[in-house]
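Next come the chains, spelled out residue by residue.
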Amino acid sequence: MALAVSASTKAGAAVRKGSRAWAKPLERRIALTDVFVVAMTMVIAHGVQFGWVPLASHLGTVGIHHWWITVAISALWIFELGWLRSRDSRILGEGPQEYQRVVSAGMRTVAIVAIIGFFTQWGFSRGYLLFALPLGTLVLLGYRRVWRAWLNKQRDVGRCRTPVIVAGPRRTSEQLVRRLRRNHESAYQVVGVCLADPSSAGLEADLEDVPVLGPIEDAADLVQRHDAGAIILTANDAVSMGEARRLGWALEGTGVTLIVAPGISDVAGPRVLMSRHEGVPLLFVDSAAFSGARYSLKDAVDRVGAAVLLAIAAIPMLVIAALVKLTSRGPVFFRQERIGKDGKPFAMLKFRSMVVGAEARLQEVCGDEVGMFYKPKNDPRVTRFGAFMRRYSLDELPQILNVLKGDMSLVGPRPQIAAEVEQYGDLEQRRLLVKPGMTGLWQVSGRSSLSPEASMELDAYYAENWSLGGDVVILLRTFWAVVGKSGAY
């Protein structure tokens, strides 16, 4: 097959403006936000360090020198935010890259100013920079989080998405389409697929609304007809290296993005290294490790964090314990055997939220079989105060003691009972390779409203790709998920 550059493809540049009309205006709005935050931060820092004397009164004095330095640093910082492409629409809305680039811009600004200061021996205040740059970076991250929430709401109702055509073999294309469609806040909207063999039957029943547009070799022309902003080329042997290269040529000048999806998924950035050999980009994927110094550090952070949380929550926990005792008959705590790391059982603690003898009535509520994530809605065994605790996850607070003991982590897959673990397949077994947590990735991604399959995939992804920075983000998101009561019961 041959993928040639066509005149119609070159003429499609104007058409592409409609498919991503949201991108440039959003980038400009975020740029204005960046300018506002940097300007306000630097003005405040200048006022704190040098006083609030107006600029005009400094004319002819050494004070004007300080103002020019403040303006120059502000301009450098704004330049770095743009140079590092922190507002690139392709990274907005999901993943850590946007935040990483914002932090990198602040660090580079500090480094450049420090180097210039060293070689010029200027007498500028270090405290000024150490106050302004970290504070401004935190405020920038806060604003970016607000923009991300706004963008995700737009995507949830079908706006601010890039229409894409998926090109590749049938099975791989179907798997990719399912992944893109299961997230309502996805940046991409699949308008059709181009298959290696489009003459056979259509896609699977759950994807019957996704049209098969034609063969892969027509993808560059079909993208014009369907006003798509990108082609996602999946790993396949239907398109040779040379043909994939010519497809990229065919899209030059059109505004259409060529995205290459490798034949591996659920691997986080720190485990991936890209290198170029003989003109071919190669992805090196590190094997997931489940022991060593990183895990020792995580355990130490967990125990210190749990000790701090216990000191903060001790009095509220005493109040909750008293209310549990006063509002229903029975013990304050509920102990249940759960399965932890490497399949080892342990006794997990909770404030009792059900009536005494609730476990004996499990069949009454769930029937003969206990499925994974079997927690039912409107459980008649839950007490009135227990329902309140569950709504805000207050019944989980005693698990701080499990973390101190070493049975659990602050962040990790939620521990399950033996009956659930018996149903595990290969994917589910991955969640047993790390300590279970008080909160986890699926709790902040929808909590009980997620399907069991989606929850297990998130837990397996966490087990293989966790990081301390990611744990901090999950803990912060847990707070908002609990306050918002999203998916809790």
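Residues numbered from 1 in each chain as written. Predicted model: local features only at pLDDT ≥ 70, side-chain atom pairs only at ≥ 80, totals over all residues. Heavy atoms only, no water.

Engineer: Describe the packing of aromatic side chains, listing the residues and the values that go with them.
Structural biologist: If you walk through the whole model with that rule in mind, you get 6 aromatic pairs. Residues Tyr 295 and Trp 466 carry aromatic rings whose centres are separated by 5.0 Å and whose planes lie at 75 degrees to one another, so their mutual orientation is edge-to-face. One end of the pair, Tyr 295, is in helix α10 (residues 293-327); the other, Trp 466, is in the loop between α16 (452-465) and α17 (468-484), and 171 residues separate them in sequence. According to the relative accessible area criterion, Trp 466 is buried, its value standing at 6%. Pairing Phe 385 with Phe 388 gives two aromatic rings, centres 6.0 Å apart and planes at 25 degrees, and the pair type is stacked. In this pair, Phe 385 and Phe 388 are both assigned in helix α12 (residues 384-391), 3 residues apart and thus about one turn of the helix distant. (Phe/Tyr/Trp six-rings, centres within 6.5 Å; stacked < 30°, edge-to-face > 60°. Helix = DSSP H or I, 4+ residues; strand = E, 2+ residues; numbered from the N terminus. Buried < 20%, exposed > 50% of the residue type's maximum accessible area, 1.4 Å probe, protein only.)

Engineer: Tell me about α10, and name the residues and values.
Structural biologist: Where α10 bends most, the angle comes to about 55 degrees, and this point is Ala 313, followed within four residues by the proline Pro 316. Tyr 295, Lys 298, Asp 302, Gly 305, Ala 306, Ala 313, Met 317, Ile 320, Ala 321 and Val 324 are the residues of α10 that are buried. (Bend = angle between axes of the 7 residues up to and from the residue.)

Engineer: Can you break down the confidence of the model for the protein residue by residue, with the values?
Structural biologist: Taken as a whole, the protein shows an average pLDDT of 83; of its residues, 84% reach a score of 70 or greater. Predicted confidence is poor over residues 55-63, with pLDDT under 50, and the contacts of this stretch with residues over four places away or in other chains come to 7 contacts. (pLDDT = per-residue confidence, 0-100. Contact = heavy atoms within 4.5 Å.)

Engineer: Describe the sheet that holds strand β2 (residues 188-195), listing the residues and the values that go with them.
Structural biologist: In a beta sheet, neighbouring strands pair by backbone hydrogen bonds and run either parallel or antiparallel. Ordered in space as β3-β2-β1-β4-β5, the 5 strands form an open sheet in which the pairing is parallel. One side of each edge strand has no neighbouring strand; the edge strands of this open sheet are β3 (212-215) and β5 (257-261). Averaged over all pairs of adjacent strands, the angle between strand axes in this sheet comes to 30 degrees, irrespective of strand direction. Note: β2 against β3, 3 bridges, orientation parallel. Paired with Cys 194 across the strands is Gly 214, a residue of β3. Contacts between helix α7 (residues 170-182) and the sheet are confined to β1 (162-168), β2, β4 (230-234) and β5, with β1 contributing the most and set at about 155 degrees to the helix. (Pairing = 2+ DSSP bridges. Axes fitted to C-alpha atoms, helices over the stretch in contact; angles between N-to-C directions.)

Engineer: Tell me what's going on with the pairing of strand β8 (residues 333-339), and back it up with residues and numbers.
Structural biologist: For a regular strand, the rule is simple: side chains alternate between the two faces of the sheet. With 7 bridges joining them, β8 and strand β9 (residues 345-351) adopt antiparallel strand pairing. Among the inter-strand pairings, Gln 336 is bridged to a residue of β9, identified as Met 348. Hairpin connection of β8 to β9: 5 residues between the antiparallel strands, including Asp 342 at a positive phi of 60 degrees.

Engineer: Help me get a handle on the pairing of β2, residues and values and all.
Structural biologist: Relative to β2, β1 runs parallel, the two sharing 7 bridges. Note that in β2 the partner of Val 164 across the bridge is Val 190. Following the backbone out of β1, through α7 and into the adjacent parallel β2, one traces a crossover that is right-handed. (Right-handed = clockwise from strand over helix to strand, strands pointing away.)

Engineer: Could you give an account of the nonpolar core, with specific residues and numbers?
Structural biologist: Counting 28 residues, the largest nonpolar core has Ile 320 and Phe 351 as the members making the most contacts within it. Elements that contribute at least two residues to this core include exactly α10, β9, α12, α13 (399-405), β10 (409-411) and α16. With 7 residues, the single largest contributor to this core is α10. (Core = buried A, V, L, I, M, F, W, Y, C linked by side-chain atoms within 4.5 Å.)

Engineer: Tell me about the pattern of salt bridges, residues and numbers included.
Structural biologist: Scanning the model with the defined rule gives 21 salt bridges in all. One salt bridge in this structure joins Asp 471 and Lys 298, with 2.6 Å as the shortest N-O distance. Remark: Lys 298 occurs in helix α10 and Asp 471 occurs in helix α17; sequence separation between them is 173 residues. Assigned by exposure class, Asp 471 and Lys 298 land together as buried. Salt-bridge contacts for Lys 405 lead to Asp 407; the nearest nitrogen and oxygen are separated by 3.7 Å. Taken together, the salt bridges that share partners define one network made up of Asp 34, Arg 87, Glu 98, Arg 144 and Arg 148. (Salt bridge = Lys/Arg side-chain N within 4 Å of Asp/Glu carboxyl O.)

Engineer: So what's going on with α12? Residues and values would help.
Structural biologist: Listing the buried residues of α12 in full gives Phe 385, Gly 386, Met 389 and Arg 390. Summarising the axial view, the buried residues of α12 lie within an arc of 140 degrees, below the 170-degree limit, and thus occupy one face. Of the surrounding secondary structure, the elements contacted by the buried residues of α12 are α10 and β9. Two residues or fewer after α12 comes Ser 393, characterised by a positive phi angle close to 60 degrees. (Arc of directions from axis to C-beta.)

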